[in-house]
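# Observations on chain architecture
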Protein chains: 2
Amino acid sequence: MEIAELAGRIVAGDRRALARAITLVESRRADHRAQAAELIEDLRVRSDAQAIRIGLSGTPGVGKSTFIESFGMMLLAQGLRVAVLAVDPSSARSGGSILGDKTRMERLSREPGAFIRPSPSQTHLGGVARRTREAVALCEAAGFDVVLIETVGVGQSETVVAEMSDLFVLLLAPAGGDELQGVKRGIMEMADLILVNKADGDLKPAAMRTQADYAGALRLLRKRPQDPEGYPKAVCVSALQEDGLAKAWEDMRHLVDWRRETGHFEGRRAEQARYWFAQEVRHALLAQLETPQARAQMDDLARAVAEGQITPTVAATRMMEDLRGD
Amino acid sequence: MEIAELAGRIVAGDRRALARAITLVESRRADHRAQAAELIEDLRVRSDAQAIRIGLSGTPGVGKSTFIESFGMMLLAQGLRVAVLAVDPSSARSGGSILGDKTRMERLSREPGAFIRPSPSQTHLGGVARRTREAVALCEAAGFDVVLIETVGVGQSETVVAEMSDLFVLLLAPAGGDELQGVKRGIMEMADLILVNKADGDLKPAAMRTQADYAGALRLLRKRPQDPEGYPKAVCVSALQEDGLAKAWEDMRHLVDWRRETGHFEGRRAEQARYWFAQEVRHALLAQLETPQARAQMDDLARAVAEGQITPTVAATRMMEDLRGD
């Protein structure tokens, strides 16, 4: 199929075309990469549809799948179309630890208004990031109203997700005691909304305590210019009982509307585009070391360096000459 | 001066030649870089003198200067020559926050057998690392028996120091309570020897408690193949009263001797050389973005990306074409 035809079908809402396009952007073949770039450029010109991109992080056990399922069904009931993507650099090793199969979100995956796609299988977070970011652009062009980008929060993956989202949601489980869970300060500072899940049954009091703890911690953080009064905020939800989800969505909408009015929404997207451009250039520079010839040459030089026949600096200079084709 | 002559003087123990050579390796000028590489290659061939390279990390307030002074004076008294270098990526901003002036180690700096050199002023840790590593090689060729490489432990600087040291020493102050200080697990795992300083006067009981806590924590760490029985270990010292320093040096010597006999010493140096080779290649690849032309082009493309005229991927492709001179 021609790229232009594929683009046309995506914009017309053809889900199979969308799935095929995502497969294209996930490919590492050079010709596929070129086609993918052409496709995304075509769609950029063709469509100015804009989804709300929601980054969602939560460690295993907080009920992320249940939340996405319930939250997604609620959005569908409001007439919105929802795409779910994932960033999981561990999926190459584990064979897809998150979103590996759609049975995790059985109801949502059967809905015509929903689109669920597992994380691309890549060993490098940089590769996962680019492919997911391109998949977000495809879903946006395909007219989805909300794109949820999920991560399990391994190492840098939250940063990656936050850098491609309009707002960042942190999902937590009720904590045992009265102390904050081991959430890193950097993650806290990225969160626009903290949702304490499982606020139902026996866990409800613990959930409310946890919510109060985090609300207190958020108040101690420096006020950010991109936040309206009362944000970032922490609230309780029960994905299981579908409780508090409509209110959480209202909170998200309020935040997005305020940011749109104040210019922060577009400003953030512009900053993110700059960020990804710089990241891609760095990635491309370092990818020069990944060809079979470069690897072989690196191995030879590393051996000579380890044996003390050549200093690291001289070996590096020689490697750079080789890469430049001197 | 010719490079060969400079090399000859360094090997002959000329301190002014050494200082001049370090200035050369710290320079960012391309012709100086080439001369520095030539010098280090010359010295590699000319001399097989090998110092014990000791990495030393400790946050401000643990008494690092006092320790280096007392420990250095003790080594001198044993007839050993000592060089002190520093890795401090913040020194460019602060104008030299550690080892900024020699008054910090007044006695040691006046000794003919000691050589003290502040951290190179560089904004990038990568730059500081390379220059310090080359300075270590120079000090080694100049016949110093011990090279102490100090860092304040900002971000990644401990890793950098550990990767250029034969053993890594963590200096701590007595903790207030019975809980471990906020030493990151990764730093703990790098340490071959933990020295709890200020084990004197009122602080002695606290120092002993802290030492016991860390000794316990070290026992919980996985046994490393490069350690003899009883290592890594935690001991008390008092730099002020010059107490425990000879014993600490004995512990270090024992560790180094054991590693030499078992091949771990040379193995580690070989691994480090490989590591620095790979780091230098990465650094050199990314340095292509630091030329005035590349910066200007990056700025132009970033602006177009932020304004939505071009996607990050297409912009990155264009940048790579520019760098290749297409």
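Bear in mind the structure is a predicted one, so any value in this text is a computation, not a measurement.

What follows is about the interface of chain A and chain B. Taken together, the contacts link 40 residues of chain A with 40 residues of chain B. Looking at the side of chain A facing chain B, the largest losses of area belong to A:Phe277, A:Leu285 and A:Thr313, adding up to 20% of the total buried there. Linking chain A with chain B are zero salt bridges. Connecting chain A to chain B are eight residue pairs in polar contact (both at pLDDT 80 or more). Those elements giving two or more residues to the side of chain A that touches chain B turn out to be helix H3 (30-46), helix H7 (125-141), helix H12 (264-287), helix H13 (292-306) and helix H14 (312-324) of chain A. With twelve residues, the single largest contributor to the side of chain A that touches chain B is H12(A). Its residues assigned to classes, the side of chain A that touches chain B shows 25 nonpolar, five polar and ten charged.

Attention now goes to the pairing of strand S7 (residues 233-236) of chain B. Residue and element names in this part refer to chain B. Sheet analysis places strand S6 (residues 193-196) next to S7, joined by four bridges and oriented parallel. By the bridge assignment, leucine 195 is partnered in S7 with valine 235. Viewed along the sheet, the connection from S6 through helix H10 (residues 204-220) into S7 turns out right-handed.

Below, the discussion takes up the relation of the copies chain A and chain B. Relative to chain B, chain A is turned by 180° and slid 0.0 Å along the rotation axis, the superposed coordinates differing by an RMSD of 0.0 Å. Look at the turn and shift together and you get a two-fold axis relating the two. Residue A:Leu285 of chain A places its C-alpha closer to the rotation axis than any other residue of that unit, at 3.1 Å. Interface overlap between copies: 100% of the residues of chain A at the interface are likewise at the interface in chain B, consistent with a symmetric, same-surface contact.

For the rest of this paragraph, the subject is the environment of B:Ala315. Looking at the element boundaries, B:Ala315 is found in helix H14 (residues 312-324). Look at B:Ala315 and you get buried, because its relative accessible area is 0%. Taking the C-alpha atoms as reference, B:Ala315 lies 48 Å from B:Lys64; in sequence the two are 251 residues apart. In this structure B:Ala315 touches A:Phe277, B:Leu301, B:Val305 and B:Ile310, once residues within four positions along its chain are discounted.

As a further point, take the environment of B:Glu307. Residues and elements named next belong to chain B. Assignment of secondary structure puts glutamate 307 in the loop between helix H13 (292-306) and H14. Of the residues examined, glutamate 307 reaches a relative accessible area of 52% and is grouped as exposed. Separated by 46 residues in sequence, glutamate 307 and glutamate 261 place their C-alpha atoms 62 Å apart.

What follows covers the pairing of strand S1 (residues 52-57) of chain B. Residues and elements named next belong to chain B. Within S1, six of the six residues are buried, which leaves it mostly tucked inside the rest of the structure. Of the two faces of S1, the one carrying Ile52, Ile54 and Leu56 and the one carrying Arg53, Gly55 and Ser57 are both buried. As paired strands, S1 and strand S4 (residues 146-151) are joined by six bridges and run parallel to one another. Its bridge partner being in S4, leucine 56 is matched across the sheet by glutamate 150.

Moving on to the packing of H13(A) against H14(A). A pair of packed helices is captured by two measures, namely the crossing angle of their axes and the spacing between those axes. Residue and element names in this part refer to chain A. For the pair H13 and H14, interaxial distance at closest approach is 10 Å and the crossing angle is 160°. Viewed along their axes, H13 and H14 adopt a mutual orientation that is roughly antiparallel. Between H13 and H14 lies a crossing of right-handed hand. Seen from H13, the contacting residues are Ala294, Gln297, Met298, Leu301 and Val305; seen from H14, they are Pro312, Ala315, Arg318, Met319, Asp322 and Leu323. Across the contact of H13 with H14, the residue classes break down as eight nonpolar, one polar and two charged.

A few words on the sheet that holds S4(B). Residue and element names in this part refer to chain B. As summarised here, the arrangement of the seven strands in space is S3-S2-S4-S1-S5-S6-S7, forming an open sheet in which the pairing is parallel. Two strands bound the open sheet, and with one partner strand each, they are strand S3 (114-116) and S7. Each neighbouring strand pair of the sheet contributes to a mean axis angle of 20°, computed without reference to strand direction. Pairing of strand S2 (residues 82-87) with S3, which is carried by three bridges, proceeds in the parallel orientation. Bridging across to S3, valine 82 finds its partner in alanine 114. This element, helix H7 (residues 125-141), spans S1, S2, S3 and S4 of the sheet and lies at about 175° to S2.

Residues and elements named next belong to chain A. Examined against the element boundaries, aspartate 192 turns out to sit in the loop between helix H9 (185-190) and strand S6 (193-196). By relative accessible area, which is 0% here, aspartate 192 ends up buried. A distance of 2.6 Å separates the side chain of aspartate 192 from the side chain of arginine 259, its partner in a polar contact. Discounting residues that sit within four places of it in the chain, aspartate 192 has contacts with Asp166, Leu167, Phe168, Arg224, Asp227, Tyr231, Pro232, Lys233, Leu255, Arg259 and Arg268.

On to the environment of B:Val183, then. Residues and elements named next belong to chain B. Here valine 183 lies in the loop between strand S5 (167-172) and helix H9 (185-190). Taking C-alpha positions, valine 183 is 20 Å from serine 238, a pair spaced 55 residues apart along the chain. Residue contacts for valine 183: discarding those within four places in its chain leaves Leu170, Leu172, Met188 and Tyr214.

Because an α-helix completes one turn every 3.6 residues, residues spaced three or four positions apart along the sequence face the same direction. Residues and elements named next belong to chain A. Across its 14 residues, helix H4 (residues 64-77) extends 20 Å between first and last C-alpha, which sits within 8% of the 20 Å expected from 1.5 Å per residue. For H4, the buried fraction is high: twelve of the 14 residues fall into the buried class. Two residues or fewer past H4, glycine 79 is found with a positive phi of approximately 85°.

Attention now goes to the sheet that holds strand S2 (residues 82-87) of chain A. All names here are of chain A. Pairing is parallel in the open sheet, where seven strands are placed in the order S3-S2-S4-S1-S5-S6-S7. Sheet topology places strand S3 (114-116) and strand S7 (233-236) at the edges, where each strand pairs with a single neighbour. Each adjacent strand pair in this sheet contributes to an overall mean axis angle of 20°, direction not counted. Of the pairings in the sheet, the one linking strand S1 (residues 52-57) to strand S5 (residues 167-172) comprises four bridges and is parallel in character.

Residues and elements named next belong to chain A. Within this structure, the stated rule accounts for eight aromatic pairs over all chains. Between the aromatic rings of phenylalanine 67 and phenylalanine 71, the centroid separation amounts to 5.1 Å while the plane-to-plane angle is 15°, which identifies the pairing as stacked. Of the two residues, phenylalanine 67 and phenylalanine 71 are both situated in helix H4; the distance of four residues between them amounts to about one turn of the helix. Accessibility expressed as a relative area gives 0% for phenylalanine 71, which makes it buried. Ring geometry for tyrosine 275 versus tryptophan 276: centroids 5.0 Å apart, planes at 80°, classification edge-to-face. Judged by its relative accessible area of 5%, tryptophan 276 falls in the buried class. When the ring centre of phenylalanine 265 is taken as reference, the NZ or CZ atom of arginine 260 above it lies at 4.4 Å.

Calculation notes
Residues numbered from 1 in each chain as written. Chains lettered and ligands numbered in written order. Predicted model: local features only at pLDDT ≥ 70, side-chain atom pairs only at ≥ 80, totals over all residues. Heavy atoms only, no water. Contact = heavy atoms within 4.5 Å. Buried area = accessible area lost by both parts, 1.4 Å probe. Salt bridge = Lys/Arg side-chain N within 4 Å of Asp/Glu carboxyl O. Polar contact = N/O pair within 3.5 Å; in protein donor to acceptor, adjacent residues only side chain to side chain. Helix = DSSP H or I, 4+ residues; strand = E, 2+ residues; numbered from the N terminus. Nonpolar A, V, L, I, M, F, W, Y, C, P; charged D, E, K, R; others polar. Pairing = 2+ DSSP bridges. Right-handed = clockwise from strand over helix to strand, strands pointing away. Least-squares fit on C-alpha atoms with pLDDT ≥ 70 in both. Buried < 20%, exposed > 50% of the residue type's maximum accessible area, 1.4 Å probe, protein only. Axes fitted to C-alpha atoms, helices over the stretch in contact; angles between N-to-C directions. Parallel < 35°, antiparallel > 145°, perpendicular 65-115°, else oblique. Left-handed = near helix turned anticlockwise from the far one by under 90°. Expected span 1.5 Å × (residues − 1). Phe/Tyr/Trp six-rings, centres within 6.5 Å; stacked < 30°, edge-to-face > 60°. Lys NZ or Arg CZ within 6 Å of the ring centre and 35° of its normal.

No statement about biological role is implied by the geometric values presented.
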